[in-house]
Amino acid sequence: MKTTTHPLASALAGLGIALLVAGCGALPDKPARAKLYDFGPGVSAMATAPAAAPSPALPMLALAEIEANTRLDGTQILYRLGYADTNELRPYGQSRWSQPPAQLLRQRLRDSLAERRTVLGPEESATLARSKGEVPDTLRISLDEFSHYFDSPASSAGLVRLRATLIRGGTGGDRVLGQKTFTVRRPAPSADAPGGVKALTAASDAAVAEVTQWMDALQRQPRQ
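Residues numbered from 1 in each chain as written. Predicted model: local features only at pLDDT ≥ 70, side-chain atom pairs only at ≥ 80, totals over all residues. Heavy atoms only, no water.

1. Brief notes about the overall build of the protein
No. 1: Scanning the protein from terminus to terminus reveals five helices and nine strands.
No. 2: The order of α-helices and β-strands along the protein, N terminus first, is α-β-α-β-β-β-β-α-β-α-β-β-β-α.
No. 3: When the 224 residues of the protein are sorted by exposure, 38% land in the buried category.
No. 4: At a minimum sequence separation of 6, the contacts of the protein that also span at least 24 residues come to 69%.
No. 5: If you sum the accessible surface of the protein, you get close to 13500 Å²; carbon and sulfur atoms cover 56% of it. (Helix = DSSP H or I, 4+ residues; strand = E, 2+ residues; numbered from the N terminus. Buried < 20%, exposed > 50% of the residue type's maximum accessible area, 1.4 Å probe, protein only. Contact = heavy atoms within 4.5 Å. Areas by Shrake-Rupley, 256 points an atom, 1.4 Å probe, with all protein chains shown as cover.)

Right, dumping it as structure tokens:
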């Protein structure tokens, strides 16, 4: 017996195939992988000129982990629109730091401080205190602001604000040798994530230089 295909069934079948082909063509692309940024190798790592004569060494230092508010704990690159709502932190969608800003800043700071003194981590400092009874000065940093700040759509800067506290231990207990807030801005070359990264790297390096200079002066104070 010969089977007769109804014209309506043929039309529906053709329509289904067409929709299937169109649907396959409209499948979304794989999500774009976020670009990762850090502070780069650093000026000292890229230097090719002979190193200058070493300066006199300063007392040993323990560098605590940098504290940061929860908004800065992640790896998002954040910006503020100061001309619209300065209280709102916004993330760039497809750009990330390779590590949280506090960790990137701590590594940069440790490298700078270590040029003049031995720098220990919290565990190394505790081990030294137990084994030899030596208590090094302790530097504590609180990172309060780390954002690409827009004064206007055409003008922006990397904004870094941190608070540094140097504590010296002694037989009479700990005492604060000094505490200072550092606020640094550096202009951004472009109004996007790469521009913000360059500006924040420059601002971080400037803040590290200021903290290092401040530390050098404080650590020259004689122990009591």
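2. Focus: the environment of Q76
No. 1: If you trace the backbone, Q76 turns up in strand β4 (residues 76-81).
No. 2: Looking at Q76, the relative accessible area reads 31%, which means it is partly exposed.
No. 3: Considering only alpha carbons, one finds Q76 and L36, 40 residues apart in sequence, at a separation of 9.8 Å.
No. 4: Residues in contact with Q76, not counting those within four places in the same chain, are R71, P91, R96 and W97.
No. 5: Only 3.2 Å separates the side chain of Q76 from the side chain of R71, close enough to count as a polar contact. (Polar contact = N/O pair within 3.5 Å; in protein donor to acceptor, adjacent residues only side chain to side chain.)

3. Description of empty space enclosed by the protein
No. 1: Under the counting rule described, the total for this entry stands at two cavities of 30 Å³ or more.
No. 2: The computed volume of the largest cavity comes to approximately 50 Å³.
No. 3: If you go around the largest cavity, the residues you meet are R71, L72, G74, T75, Q76, L78, W97, P101, F146 and L200.
No. 4: A per-class count over the lining of the largest cavity returns six nonpolar, three polar and one charged.
No. 5: One number sums up the size of the second largest cavity: a volume of about 40 Å³.
No. 6: Around the second largest cavity, the lining residues are I66, L105, L109, I141, L162, V208 and V211.
No. 7: Sorting the residues of the lining of the second largest cavity by element identifies α3 (101-113) and α5 (193-219) as the ones contributing at least two each.
No. 8: Split into classes, the residues belonging to the lining of the second largest cavity amount to seven nonpolar, no polar and no charged. (1 Å grid on protein atoms, 1.4 Å probe; cavity = no way out; pocket = protein on both sides within 12 Å on 5 of 7 lines; lining within 4 Å. Points joined across faces, edges and corners; volume = space filled by probe spheres on them. Nonpolar A, V, L, I, M, F, W, Y, C, P; charged D, E, K, R; others polar.)

4. Some remarks on the confidence of the model for the protein
No. 1: Averaged over all residues, the pLDDT of the protein equals 83, while 72% of them reach at least 70.
No. 2: Mean pLDDT values over the elements of the protein span from 50, in helix α1 (residues 7-25), up to 97, in β4.
No. 3: A low-confidence stretch, residues 19-25 stays under pLDDT 50, and its non-local contacts, those more than four residues away or across chains, total zero contacts. (pLDDT = per-residue confidence, 0-100.)

5. Remarks on the packing of α3 against α5
No. 1: For the pair α3 and α5, the least separation of the axes is 10 Å and the interaxial angle reads 40°. Judged by the angle between their axes, α3 and α5 are oblique. Judged by the sense of rotation from one axis to the other, the crossing of α3 with α5 is right-handed. Between α3 and α5, the contacting residues are L105, R108, L109, S112 and L113 on the first element and T201, S204, D205, V208, V211, T212 and M215 on the second.
No. 2: In terms of residue class, the contact of α3 with α5 is built from six nonpolar, four polar and two charged. (Axes fitted to C-alpha atoms, helices over the stretch in contact; angles between N-to-C directions. Parallel < 35°, antiparallel > 145°, perpendicular 65-115°, else oblique. Left-handed = near helix turned anticlockwise from the far one by under 90°.)

6. Examining the environment of P136
No. 1: With respect to the element layout, P136 can be found in the loop between α4 (122-132) and β7 (137-152).
No. 2: Distance from P136 to T118, taken between C-alpha atoms, is 9.9 Å for residues 18 residues apart in sequence.

7. Regarding the side chain of S112
No. 1: Residue position: S112 is located in helix α3.
No. 2: By relative accessible area, S112 is classed as buried at 16%.
No. 3: Contact partners of S112, with chain neighbours within four places excluded, come to V208 and T212.

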